[in-house]
Amino acid sequence: MDMLAIADRQALRRKLTFWRIAAIAVIAAAGIAIYAFAGASGQRGSFSAHIARITLAGVIQDDRDLVARIDRIAGDSAVKALVVTISSPGGTTYGGEVIYKALRRVAANKPVIADIRTLAASAGYMVALAGDEIVAGETSITGSIGVIFQYPQVKDLLDRLGISLEEIKSAPLKAEPSPFHPPSDAAKAVIQAMIDDSFAWFVNLVVERRKLPREAVLPLADGRIFTGRQALKAGLVDRLGGEEEIRAALQARDVPAGLPVIDWDPRPTGLPSLVGGLAKDLAKALGYDAFPLSETLERLGREKLFLDGLVSVWQVAPIRSVD
């Protein structure tokens, strides 16, 4: 083969490589644009009548994206009802409050059903109270009606290290309680009053939404948890079951039986998230339910070790050996 033929073949190979790369880039750009459009709308199937479903999982916080999604559901005429699936130990009291209020805005015009799965306690149960009906499993965990305020105390550690912290304050209650010294009686009283106020608000919410007398709710609001069966007996939930019972609750509120249930999932924003989400969806479409580690890391990133403010959360204490 002469040198001219070799040069022609190399030029052709370069052209083919260029057009292949260009075609891949066009396909990728089109896929990202479609994915971005779907994420921007935040609504799947919004052009046809359906039942929307959102999932609230993990620690509850002040989630503006979730509230915005709920508000879009409230304003979408194609959505005939909303199912809120809850798997949460609770979280910040304020986070539960804003989600509860957003769900009640939906309930002003369309039925809302709360679906308690494995666990919906504390602020998780607070969110469930927004439902027109609450459906729980027989062995679901719920309840834990109460509020807690926690902060670390590191004074003993600092003393061992020979470190002291001096402070000059405008008033004795400024920046109290502090992790650097035990709280004064006055500081304890202030925090207790704040907790009592939020607790009273939580209890009143249960009284109002569950149509129970306050004297019946107070014994249930000592922080204890309940199984679904116990919660039903106490009047904290309406039905036991799963998908069939949710459908029955919707039909009882004049929602047509044949409507599809559409998950209104959060969509990623930004180019890296769009590319990652596109790759993940593509892998699932090909039958590879991959990326479990990335989902775990994402969940851990959302759930802070320390939550700010008053907390309404149920947690299992660690098991400690006693010598």
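See the structure printed just above.
Below, the structure is looked at part by part. Since the model is a prediction, treat every value here as computed from it, not as a measurement.

Some remarks on the overall build of the chain
Secondary structure summary: the chain contains eleven helices and ten strands in total. Across the 323 residues that make up the chain, the buried fraction comes to 35%. A separation of at least 24 residues holds for 77% of the contacts in the chain among residues at least 6 apart in sequence. Of the roughly 19300 Å² of accessible surface on the chain, 60% is carried by carbon and sulfur atoms.

Structural notes on helix α2 (residues 64-75)
Relative to the 16 Å expected for twelve residues at 1.5 Å per residue, α2 spans 17 Å between its end C-alpha atoms, a close match to the ideal helical length. The backbone nitrogen of Asp65 has a side-chain oxygen 3.2 Å away, supplied by the residue at the start of α2, namely Asp63.

Regarding the pairing of strand β2 (residues 79-88)
Of all the ten residues making up β2, eight are buried; the element is thus mostly covered by neighbouring parts of the structure. Where strand β1 (residues 50-57) meets β2, eight bridges bridge the pair, whose relative direction is parallel. Bridge assignment links Thr55 to a residue of β2, and that residue is Thr85. With α2 bridging β1 and the parallel β2, this β-α-β connection has right-handed handedness. As judged from the six bridges shared by β2 and strand β4 (residues 112-121), these two strands associate in the parallel manner.

Conventions adopted
- Residues numbered from 1 in each chain as written.
- Predicted model: local features only at pLDDT ≥ 70, side-chain atom pairs only at ≥ 80, totals over all residues.
- Heavy atoms only, no water.
- Helix = DSSP H or I, 4+ residues; strand = E, 2+ residues; numbered from the N terminus.
- Buried < 20%, exposed > 50% of the residue type's maximum accessible area, 1.4 Å probe, protein only.
- Contact = heavy atoms within 4.5 Å.
- Areas by Shrake-Rupley, 256 points an atom, 1.4 Å probe, with all protein chains shown as cover.
- Expected span 1.5 Å × (residues − 1).
- Polar contact = N/O pair within 3.5 Å; in protein donor to acceptor, adjacent residues only side chain to side chain.
- Pairing = 2+ DSSP bridges.
- Right-handed = clockwise from strand over helix to strand, strands pointing away.

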